[in-house]
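Structural description and commentary
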Amino acid sequence: MPFFSITKEMAIGTAVLGVAFATGVLAGKKYPFLAFGIPRSSKTLLGKGGPLWQYILDHSLREHPVLKKLRLLTLDHPWSRMMVSCDQAQLMANLAKLIKAKKAIEIGVFTGYNTLNMALVLPDDGKVIACDINEDYVSIGKPLWKEAGVEHKIDLRIKPAIQTLDELLADGEAGTYDFAFIDADKQSYNEYYEKCLRLVRKGGIIAIDNVLWHGKVLKPSKNDMETQSLHHLNEKIFRDVRVNISMLPMGDGVTLAFKL
Ligand SMILES: C[S@@+](CC[C@H](N)C(=O)[O-])C[C@H]1O[C@@H](n2cnc3c(N)ncnc32)[C@H](O)[C@@H]1O
Ligand SMILES: *[C@@H]1O[C@H](CO)[C@@H](O)[C@H](O)[C@H]1NC(C)=O
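Residues numbered from 1 in each chain as written. Chains lettered and ligands numbered in written order. Predicted model: local features only at pLDDT ≥ 70, side-chain atom pairs only at ≥ 80, totals over all residues. Heavy atoms only, no water.

Scanning the chain for helices and strands turns up 10 helices and 7 strands. Residues counted as buried form 48% of the 260 residues belonging to the chain. Look at the contacts in the chain between residues 6 or more apart in sequence, and 68% of them connect residues 24 or more apart. As displayed, the chain offers around 12,800 Å² of accessible surface, 58% of which is attributable to carbon and sulfur atoms. (Helix = DSSP H or I, 4+ residues; strand = E, 2+ residues; numbered from the N terminus. Buried < 20%, exposed > 50% of the residue type's maximum accessible area, 1.4 Å probe, protein only. Contact = heavy atoms within 4.5 Å. Areas by Shrake-Rupley, 256 points an atom, 1.4 Å probe, with all protein chains shown as cover.)

And the structure:
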């Protein structure tokens, strides 16, 4: 869905939020929003497309002009809602900088918004291994990687991501990556996570997208394998002593796992 326009679904979400806010204020709550949890018809705690989310973007998004161009270009695509949330991408870039990342892995490229975002903060000899199976999606954004002058940092691998990760492991690259972003087919998340844990160095970060899955993780139905997969991984990572974690209500929910 378009990022800066409010769809009908979102408008309802915002209305629900408004009621929740008013009720919260009446009840004398300091943080009325949080007291009401995830609003109905809304993807995130703050309601993507809602006024506070817009405020966050207006006061924190510092988007590289070519990234912005790529985002706007992607909005014309029927599957534009697959694109990573721009505020979340900015956080990941800040984290990558903070840990002085040189090598990153992108699992699920789509039109390449976050691939470009990462490439922009890596040093000139840095590398993003960009994994996707759909060359058509990637070809939409690829010219902009060149326009931004970072194409040489992007190593695109068009094949199932599991295969690419296995190749990296077979090449002896375990423990050499700084950052990984898992954002492809949900049923393979556990495998992606395990392989990334081996590829990432101590102190490296694995970001896992869609961990709240539009709220469906609250009530995972038995035959919804995507929700089951995400929910099981959330439960596993919660107990995983190999990482320190934060689960953030940003975008569709993102877990940051810091390898110990
Ligand atoms: C949510 S989108 C990725 C969004 C992207 N991270 C961004 O910055 O906007 C998911 C992508 O995963 C890709 N994908 C699906 N199954 C895959 C697989 N087995 N291996 C690699 N990529 C896959 C899809 O083609 C799609 O482009
Ligand atoms: C991980 O978290 C624990 C406590 O939650 C903390 O003591 C430890 O220092 C953390 N490790 C790192 C490497 O940040």
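Following the structure, the description resumes.
Attention shifts here to the site of ligand 1. In the neighbourhood of ligand 1, 21 residues make up the surrounding shell, with Gly108, Asn114, Asp132, Ala161 and Asp183 lying closest. Asparagine 114 has a polar backbone atom sitting 3.0 Å from an oxygen atom of ligand 1. Note that a nitrogen atom of ligand 1 is positioned 3.3 Å from one of the side-chain N or O atoms of aspartate 185. Protein coverage of the free-state accessible area of ligand 1, which is 610 Å², stands at 89%. Contributing elements (two or more residues each) for the shell around ligand 1: helix H6 (113-121) and strand S2 (127-132). Considered class by class, the residues forming the shell around ligand 1 number 14 nonpolar, 3 polar and 4 charged. (Near = heavy atom within 4 Å. Polar contact = N/O pair within 3.5 Å; in protein donor to acceptor, adjacent residues only side chain to side chain. Nonpolar A, V, L, I, M, F, W, Y, C, P; charged D, E, K, R; others polar.)

Turning to the sheet that holds strand S5 (residues 200-209), a few remarks are in order. Strand order in the open sheet formed by 7 strands is S3-S2-S1-S4-S5-S7-S6, and the pairing between neighbours is mixed. Edge positions in the open sheet fall to strand S3 (154-158) and strand S6 (243-248), since each of these has one partner strand only. Within this sheet the neighbouring strands show an average axis-to-axis angle of 15°, counted without direction. Where H6 meets the sheet, its contacts fall on strand S1 (103-107), S2, S3 and strand S4 (177-182), and the angle it forms with S2 comes to roughly 170°. (Pairing = 2+ DSSP bridges. Axes fitted to C-alpha atoms, helices over the stretch in contact; angles between N-to-C directions.)

So, on to the pairing of S2. In terms of burial, S2 is a largely internal element, 5 of the 6 residues being buried. In this fold, S1 hands off to H6, which returns the chain to S2; that crossover is right-handed. A crossover connection joins S2 to the parallel S3 through helix H7 (residues 135-147); in handedness this β-α-β unit is right-handed. (Right-handed = clockwise from strand over helix to strand, strands pointing away.)

The next subject is the pattern of salt bridges. Oppositely charged side chains can pair when the atoms bearing their charge come close. The full count for this structure, using the stated rule, is 13 salt bridges. The salt bridge involving aspartate 166 is made with lysine 195; its shortest N-O contact spans 2.9 Å. One end of the pair, aspartate 166, is in helix H8 (residues 161-170); the other, lysine 195, is in helix H9 (residues 189-199), with 29 residues separating them in the sequence. The closest approach of N and O atoms between arginine 242 and glutamate 194, which form a salt bridge, is 2.9 Å. In this pair, arginine 242 sits in the loop between helix H10 (225-238) and S6 while glutamate 194 sits in helix H9, placing the two residues 48 residues apart along the sequence. Residue class for arginine 242 comes out partly exposed when judged on its relative accessible area of 35%. By sharing partners, the salt bridges in this structure join Asp155, Arg157, Lys159 and Glu167 into a single network. (Salt bridge = Lys/Arg side-chain N within 4 Å of Asp/Glu carboxyl O.)

Further remarks concern the packing of aromatic side chains. Per the counting criterion, the structure on display carries 1 aromatic pair. Residues phenylalanine 110 and tyrosine 137 carry aromatic rings whose centres are separated by 5.0 Å and whose planes lie at 75° to one another, so their mutual orientation is edge-to-face. Note that phenylalanine 110 is positioned in the loop between S1 and H6 and tyrosine 137 in helix H7, a separation of 27 residues in sequence. With respect to class, phenylalanine 110 is no different from tyrosine 137; both count as buried. (Phe/Tyr/Trp six-rings, centres within 6.5 Å; stacked < 30°, edge-to-face > 60°.)

So, to be careful, I would describe these as geometric facts and stop short of saying anything about function.
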